Amino acid sequence: MAARVETAAAPARRRLLPYFALHEWLVFLTVAFLVLMALVGPALAPSGIYRSNILNALAPPSAEHWFGTDDQGRDVLWRVVAGAQISLLSSILIVVLYSLIGVAVATAATLGPRWLDEVIMRGTDIGLALPGLVVALGFAAALGPSIQSGIIAMALTGWPMTARLLRTTMRQTMEQPFVDGARALGVSPARLMLTHVLPNSLDVLIVKWAGDINNTLLILASLSFIGVGAQPPSPEWGAMISAGRSTMSTAWWAVAAPGAAVAVTAIAFGFLGDILQARRDPSLRKR
Amino acid sequence: MVDTPFANAPLVPATNDAAPLLDVRGLSVSFGHGPAAVRLVDNVSFAVGAGERVALVGESGSGKSVTAQALMRLNPHMQVSGVVQIGGCNLVALSDKEMTAERGASIGMVFQDPMSSLDPLMTIGDQVAETLRLRGVSAAAARARALRVLDELRVDRAAERLAAYPHEFSGGMRQRVVIAMALIGEPKVLIADEPTTALDVRVQERVLDLLYSVSKERGLAVLLITHDMGIVAGFADRVMVMYAGRIIEQNDVEPLFASPRHPYTQGLLGAIPRIDQKREQLQSIPGAPPTPFTRPPGCHFNPRCAMAMEICRKDYPAMIETGSARVACHIHGGGHA
Ligand SMILES: Nc1ncnc2c1ncn2[C@@H]1O[C@H](COP(=O)(O)OP(=O)(O)OP(=O)(O)O)[C@@H](O)[C@H]1O
Ligand SMILES: [Mg+2]
């Protein structure tokens, strides 16, 4: 009798950690490891990675240099570890910055009068029609070649796709009955946008973010390659790949290590996007 | 429960003959501009008193939901004209900002589909409390009130479930939550657009019982939109019948069921199966209602009306008032509108 009463009223037990499957934990660990590497890598790396030591150039992998050395005789693995900061954090920063611009633009287009929406959408059309790399190149060149100009250039040019996608989704969300429901309760248009429409539209971006980070990583590398992004002897991954290409036939490791870093990062962030999307839908959440 | 869930006493005593809380005069709604404009609701007038429950019935597409949306001014593309008076304030004349403040506070609305009328990403507690939070009530006080209203609407284990999300609730429970959201701001008028159509019959009854008692206790004026004449008979004091964007008859519920005057209402009531009727007596109205683009001249019902006369094809009939009844039909005399 007492036991029955207890089961009926037993409150849901709270878990210490939210429920995640094994592969999800693997993705989180990888992403956490990459981010950690980006944060502390440069501090841990020996100072030798910025100095050339031609005598030891293109040494194959050994106990001392696990991924060999590059054409300047610098340890490839440590350069990859240190380069995570420039490559990954810069990419994340760029995506965050232009997503904020995109969210602001999409919200203004959805909330504002029709003419403003028209103006903004024509603006994004133009932005989308121009090749992103070329525009970023122009910006970066105008600002002077450095990793900072690369970041500013890409943040200022990356938002149109985000704005467009989000604005379309927000328009769709506006059609949902709960939006009329909230309006019938007296929720003002601005608050409606921020507390109901925007949160219910962000899913598209969360999935897009993962792909965006990879994309940005590659464009940033291209900028470095052309000479307007990261400057030597910066261990930026894209720059390392470009530099290693000329000696790839004899020293595969100088390309393989940064290449693997880019690939692992791409896959990890891709999966992270999928997991976050599934988690955002509370009906998929396990309690 | 010690205190009542609704902090304020009813604003007007719950009697039918008090001055109407909701007074609608000459409400017309159209969409579009110039030659493409289409009038969906045409010169609709009615009143709902405190504690009164009025049903708005009619076939699909007759303009019931458009009327409700126009009262709430939910659709910015609708051109609404006429007067919608609530407590001395004409909603049609308000600025958008003023109207936003009236929603939830003087006029609330419950929608048909409880599955999709809640924000899937927001907890039940936050959604029910939202109206109060908008009006500057502290989070703790709003939560406490939300809890009391949910309790009043008999949501089981409401305290535990404030932190739950809509998908964790059954359809009937969700509709109670939706009603709680609409009522927590203590509106004087509640519009319920087919609030129980998506629910099964037993849940439907319970939700309507709740609405009925809230309306009695608080003196809430309820405008119930429905297709279901069975619901009308059990719930409403008065019935309005809509056809092709116009109200063609209104009357208290008993006389309307006992002696419908408009041939359309007669057809509509004839079309409900009743246990005490033989099968042969069941009738339905031949033909289909016109769309807003194809309304015939004269009385819009004339092509389907067995009793149509010459004048019915020329002039729209005026609304004639006799006792509690109002009917717009040439059979009952009165000339054209
Ligand atoms: N946003 C809109 N724009 C243009 N026409 C509309 C709009 N909403 C409704 N209509 C038209 O207005 C007419 C009345 O629609 P309404 O939704 O009010 O019907 P209803 O009486 O509520 O029907 P139901 O019983 O099926 O809910 C229909 O012909 C419909 O096509
Ligand atoms: Mg409807």
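Our subject is the structure that appears above.
Since the model is a prediction, treat every value here as computed from it, not as a measurement.

## Some points on the interface of chain B and chain A
- Residue-level contacts link 31 residues of chain B with 22 residues of chain A.
- Between chain B and chain A the total buried area reaches about 2200 Å² when both faces are included, carbon and sulfur atoms providing 58% of it.
- Considering only the side of chain B, the residues that lose the most area to chain A are Leu-121, Glu-130 and Leu-134 of chain B, jointly responsible for 24% of the buried surface there.
- Our count for the chain B to chain A interface comes out at one salt bridge.
- Residue Arg-191 of chain A is joined to Glu-130 of chain B by a salt bridge in which the shortest nitrogen-to-oxygen separation is 3.5 Å.

## Structural notes on the layout of surface pockets
- Here the largest pocket is characterised by a volume of approximately 1200 Å³.
- In terms of lining residues, the largest pocket is bounded by 36 residues, among which Met-174 and Arg-183 of chain A together with Leu-74, Asn-75 and Pro-76 of chain B are the most central.
- Put simply, the parts of the chain that give the lining of the largest pocket at least two residues each are α3 (76-111), α4 (114-129), α7 (159-174), α8 (177-184) and α9 (189-197) of chain A together with α2 (96-102) of chain B.
- No other element matches the four residues that α8 of chain A contributes to the lining of the largest pocket.

## Things to note about the environment of Pro-292 of chain B
Residues and elements named next belong to chain B.
- By the element assignment, Pro-292 lies in the loop between α10 (263-270) and β11 (320-322).
- Given a relative accessible area of 27%, Pro-292 falls into the partly exposed group.
- For the pair Pro-292 and Gln-266, spaced 26 residues apart in the sequence, the C-alpha separation amounts to 23 Å.
- Not counting residues up to four positions away in its chain, the partners in contact with Pro-292 are Val-38, Arg-39 and Leu-40.

## A few points about the site of ligand 1
All names here are of chain B.
- Among the 14 residues in the neighbourhood of ligand 1, the closest are listed as Ser-60, Gly-61, Lys-64, Ser-65 and His-227.
- One of the side-chain nitrogen or oxygen atoms of His-227 is found 2.7 Å away from an oxygen atom of ligand 1.
- A total of 640 Å² of accessible area belongs to ligand 1 in isolation, and the protein chains cover 65% of it.
- Among the elements that make up the shell around ligand 1, the one with the highest residue count is helix α1 (residues 64-72) (three residues).
- Looking at side-chain class alone, the shell around ligand 1 contains four nonpolar, seven polar and three charged residues.

## Side note on the nonpolar core
- In this structure, Val-128, Leu-150 and Val-177 of chain B are the most contacted members of the largest nonpolar core, which totals 40 residues.
- At the level of elements, α3 (124-134), α4 (139-152), α6 (171-184), β7 (189-193), α7 (201-218), β8 (221-225) and α8 (229-235) of chain B are the ones that each hand at least two residues to this core.
- In terms of residue count, α6 of chain B provides more of this core than any other element does, nine residues in total.
- In this structure Val-128 of chain B touches Ala-146, Leu-150, Val-177, Ala-180, Met-181 and Ile-184 of chain B, once residues within four positions along its chain are discounted.
- Counting 39 residues, the second-largest nonpolar core is a separate cluster that includes Ala-184 of chain A together with Met-78, Ile-107 and Ile-247 of chain B.

## Things to note about the sheet that holds strand β2 (residues 38-48) of chain B
Residue and element names in this part refer to chain B.
- The four strands are arranged β2-β1-β4-β5 in an open sheet whose pairing can be described as antiparallel. Looking along the sheet, the strands with just one partner apiece sit at the ends: β2 and β5 (89-90).
- Against the sheet, α1 touches β1 (22-31), β2 and β4 (79-86), its axis set at about 110 degrees to β1.

## Some words on the packing of aromatic side chains
Residues and elements named next belong to chain B.
- Here the structure, examined in full by the defined rule, presents six aromatic pairs over all chains.
- Relative to Phe-235, the ring of Tyr-212 has its centre 6.1 Å away and its plane inclined at 70 degrees; by these criteria the two rings are edge-to-face. Within this pair, whereas Tyr-212 is found in helix α7, its partner Phe-235 is found in helix α8, the two being separated by 23 residues in sequence.
- The partly exposed category is assigned to Tyr-212, whose relative accessible area is 30%.
- Taken together, a centroid distance of 5.2 Å and an interplanar angle of 70 degrees make the contact between Tyr-264 and Phe-301 edge-to-face.

What counts as what
- Residues numbered from 1 in each chain as written.
- Chains lettered and ligands numbered in written order.
- Predicted model: local features only at pLDDT ≥ 70, side-chain atom pairs only at ≥ 80, totals over all residues.
- Heavy atoms only, no water.
- Contact = heavy atoms within 4.5 Å.
- Buried area = accessible area lost by both parts, 1.4 Å probe.
- Salt bridge = Lys/Arg side-chain N within 4 Å of Asp/Glu carboxyl O.
- 1 Å grid on protein atoms, 1.4 Å probe; cavity = no way out; pocket = protein on both sides within 12 Å on 5 of 7 lines; lining within 4 Å.
- Points joined across faces, edges and corners; volume = space filled by probe spheres on them.
- Helix = DSSP H or I, 4+ residues; strand = E, 2+ residues; numbered from the N terminus.
- Buried < 20%, exposed > 50% of the residue type's maximum accessible area, 1.4 Å probe, protein only.
- Near = heavy atom within 4 Å.
- Polar contact = N/O pair within 3.5 Å; in protein donor to acceptor, adjacent residues only side chain to side chain.
- Areas by Shrake-Rupley, 256 points an atom, 1.4 Å probe, with all protein chains shown as cover.
- Nonpolar A, V, L, I, M, F, W, Y, C, P; charged D, E, K, R; others polar.
- Core = buried A, V, L, I, M, F, W, Y, C linked by side-chain atoms within 4.5 Å.
- Pairing = 2+ DSSP bridges.
- Axes fitted to C-alpha atoms, helices over the stretch in contact; angles between N-to-C directions.
- Phe/Tyr/Trp six-rings, centres within 6.5 Å; stacked < 30°, edge-to-face > 60°.

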